[in-house]
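Chains, contacts and geometry: an overview
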Amino acid sequence: MERLQCVTSVSKEAKTIPVDFIRSVDEQPGITTSHGPVPAVPVIDMANTKHDQIIDEIVKASQEWGIFQVVNHGIPPEAIQQLQRVGKEFFELPQEEKEKVAMVPGQLEGYGTKMTNKQEGPKNWVDFLFHNIWPPSQINHDFWPKNPPEYRNANEEYVKHMIPLVDQLLEYLSSGLGLDGNVLKAASGGDDLRYLLKINYYPPCPCPDMALGVSAHTDMSAITLLVPNEVQGLQVFKDDHWINAKYIPNAMIIHIGDQIEILSNGKYKGVLHRTTVKKDETRMSWPVFCEPPPDTVIGPLPQFVSDKNPAKFKAKKFKDYQYCKLNKIPQ
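Our subject in this report is the structure included herewith. Throughout this description, residue numbers start from 1 for each chain and increase along the sequence as written. In keeping with the predicted nature of the model, local features appear solely for residues at pLDDT of at least 70, side-chain atom pairs appear and are counted solely at 80 or more, and the whole-chain, interface and lining totals rest on all residues. Side-chain numbers come from the whole structure's heavy atoms, not from hydrogens or water.

**Quick look at the overall build of the chain**
Along the chain, the regular secondary structure elements total nine helices and 14 strands. Counting only residues that meet the buried cut, the chain has 52% of its 331 residues in that class. Nonlocal contacts in the chain, meaning residues at least 24 apart in sequence, comprise 78% of its contacts between residues at least 6 apart. Summed over its atoms, the accessible surface of the chain is roughly 15200 Å², and 52% of this surface lies on carbon and sulfur atoms. Under this rule, positive means Lys or Arg and negative means Asp or Glu; His and the chain ends count for nothing. The location of each charge is read from NZ of Lys, CZ of Arg, CG of Asp or CD of Glu. Taking the average place of the 35 positive charges on the side chains of the chain and the average place of its 41 negative ones, the gap between the two points comes to 4 Å. Only DSSP runs of H or I reaching four residues or more are called helices, and only runs of E reaching two or more are called strands; each is numbered from the N terminus. Three labels apply to residues, based on accessible area from a 1.4 Å probe with only protein chains included: buried if under 20% of the type maximum, exposed if over 50%, partly exposed otherwise in between. We call two residues contacting when some pair of their heavy atoms lies within 4.5 Å. All accessibility values rest on the Shrake-Rupley procedure with a 1.4 Å probe; residue burial counts only the protein chains present in the view.

This is the structure in structure tokens:
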């Protein structure tokens, strides 16, 4: 398996990129990115003592955008910086060292270069590392790098602080729909909710206006919590425009995923987003996908279904939803 980091060194000398990375005209960021005045992704201060105001802001952002950034979220800056440091050090290791945690057929976890065996169209300009970080019963340390040595400790420390934030966000999202605070978490798997970390590594690209790090998609998670490095790259589709999500140091970017959209019967919307790349800089991001256990059936909650407002989605096990989405099969 040829990794993107290997392709990059050849492309840099050639000052071009392989044709299978070149996007169609209607996808190329150099053509499709909005450069006029655009609205900013909402920023929400979790330290606001007026909880009703936080809930109102989260509801508005989740309905209108499907994405928002939170500050004063309770995850110490040191925990984020350590997570980012060990992730960056892993991707800077010699290739043979990274291959020790390579993906294996039939497994989603590990170091890899493409999401599925049925990838169609242009390739994404990204290498990545996937592994579960919570709950402990789902962790397979075979896919956690042993090098750098601090990798495990940094990830364990990070998730320890993330769990209460996820619980808080799901509670606010529930309350914002007029539900008891525990409803969305319980419907998503309760304490068995799974946290899947992905580290995206987007090396410099000689033709950034023609390529994408990750093409346009919504997340299949319930919610996703992401921290990027300081290199701009996340774009959101809003009002028929692709706009840049401004980088805010130590902020956490929250994506509404497909499962919350389904549970709310479309009251909240999953955000359509993509990633651009840079000519001379490496972008990295650390999303954590909070996903239901495989056998959890997800469908619109009965509170949001009526004769006047029928179900917009089919109820199905999360593993079946996941299979269809990964293999581009209609849901």
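The rest of the description comes next.
**Some remarks on unusual backbone geometry**
The omega torsion across Trp134 and Pro135 is -5 degrees, close enough to zero to call that bond cis. Tracing the chain through its elements places Pro135 in the loop between β4 (127-134) and α6 (151-176). Positive phi, close to 55 degrees, is recorded for Asp239, a residue that is not glycine. Here Asp239 lies in the loop between β8 (234-238) and β9 (241-244).

**What about helix α4 (residues 77-91)?**
A rise of 1.5 Å per residue sets the reference length of α4, with its 15 residues, at 21 Å; its end C-alpha atoms lie 21 Å apart and thus fit the reference within 8%. Restricting attention to buried positions, one finds in α4 the residues Ala79, Ile80, Leu83, Gln84, Val86, Gly87, Phe90 and Phe91. The arc that holds every buried residue of α4, seen down its axis, measures 165 degrees, which confines them to one face. Here the expected length of a helix is defined as 1.5 Å per residue gap, with one fewer gap than residues. In this description, the arc belongs to the directions extending from the helix axis to the C-beta atoms.

**So, the sheet that holds strand β6 (residues 214-217)**
Taking strand neighbours across the sheet as the criterion, the four strands line up as β6-β11-β8-β9 in an open arrangement whose pairing is antiparallel. The open sheet has two edge strands with one neighbour each: β6 and β9. On average, each strand axis in the sheet is tilted by 25 degrees relative to the strand beside it, whichever way the strands run. Both β6 and strand β11 (residues 273-275) contribute to a ladder of two bridges, which runs antiparallel. Bridge pairing links His217 to His273 in β11. Here a strand pair is declared whenever DSSP counts at least two bridges between the two strands. Lines fitted to C-alpha atoms define the axes here, with helix axes fitted over just the stretch in contact, and angles between the N-to-C directions of these axes take values from 0 to 180 degrees.

**Thoughts on the packing of aromatic side chains**
In summary, the pairing rule links any two rings of Phe, Tyr or Trp, Trp by its six-membered ring, whose centres are within 6.5 Å, and it sorts them by plane angle into stacked for under 30 degrees, edge-to-face for over 60 and tilted for everything else. Enumeration according to the criterion identifies eight aromatic pairs in this entry. On the numbers, 5.1 Å between centres and 85 degrees between planes, the contact of Phe90 with Phe91 is edge-to-face. Overall, Phe90 belongs to the buried group, its relative accessible area being 1%. Since its relative accessible area comes to 1%, Phe91 is described here as buried.

**Some remarks on the side chain of Lys185**
With respect to the secondary-structure elements, Lys185 resides in helix α7 (residues 183-187). The buried category is assigned to Lys185, whose relative accessible area is 18%. A distance of 2.9 Å separates the side chain of Lys185 from the side chain of Asp167, its partner in a polar contact. In contact with Lys185, not counting residues within four places along its chain, are Asp167, Leu170, Gly190 and Asp191. Two N or O atoms count as a polar contact when they lie within 3.5 Å, although within protein this holds only if one can serve as hydrogen donor and the other as acceptor, and sequence-adjacent residues are included solely when both atoms are side-chain atoms.

**Comments concerning the pairing of strand β2 (residues 67-71)**
Most of β2 sits out of view: four of its five residues are buried. Sheet topology places strand β1 (residues 43-45) next to β2; three bridges connect them, and they run parallel. In the strand pairing of β2, Val43 is matched with Gln69. The handedness rule is simple: strands pointing away from the viewer, and a clockwise path from the first strand over the helix to the second, make the crossover right-handed. With helix α3 (residues 51-64) bridging β1 and its parallel neighbour β2, the resulting β-α-β unit is right-handed. Bridge count between β2 and strand β10 (residues 252-256): four bridges; the pairing is antiparallel. In the strand pairing of β10, Val70 is matched with Met252.

**What to know about the sheet that holds β2**
Pairing is mixed in the open sheet, where eight strands are placed in the order β1-β2-β10-β7-β12-β5-β4-β3. Where the open sheet ends on each side, the last strands, each with one partner, are β1 and β3 (110-112). Put simply, the sheet's adjacent strands are angled 25 degrees from each other on average, direction ignored. Direction of pairing for β3 relative to β4: antiparallel, over a ladder of three bridges. Residue pairing for β4: Gly110 is matched across the bridge by Phe130. Against the sheet, α6 contacts β2, β4, β5 (194-202), β7 (223-228), β10 and β12 (283-291), and its axis sits at roughly 130 degrees relative to β7.

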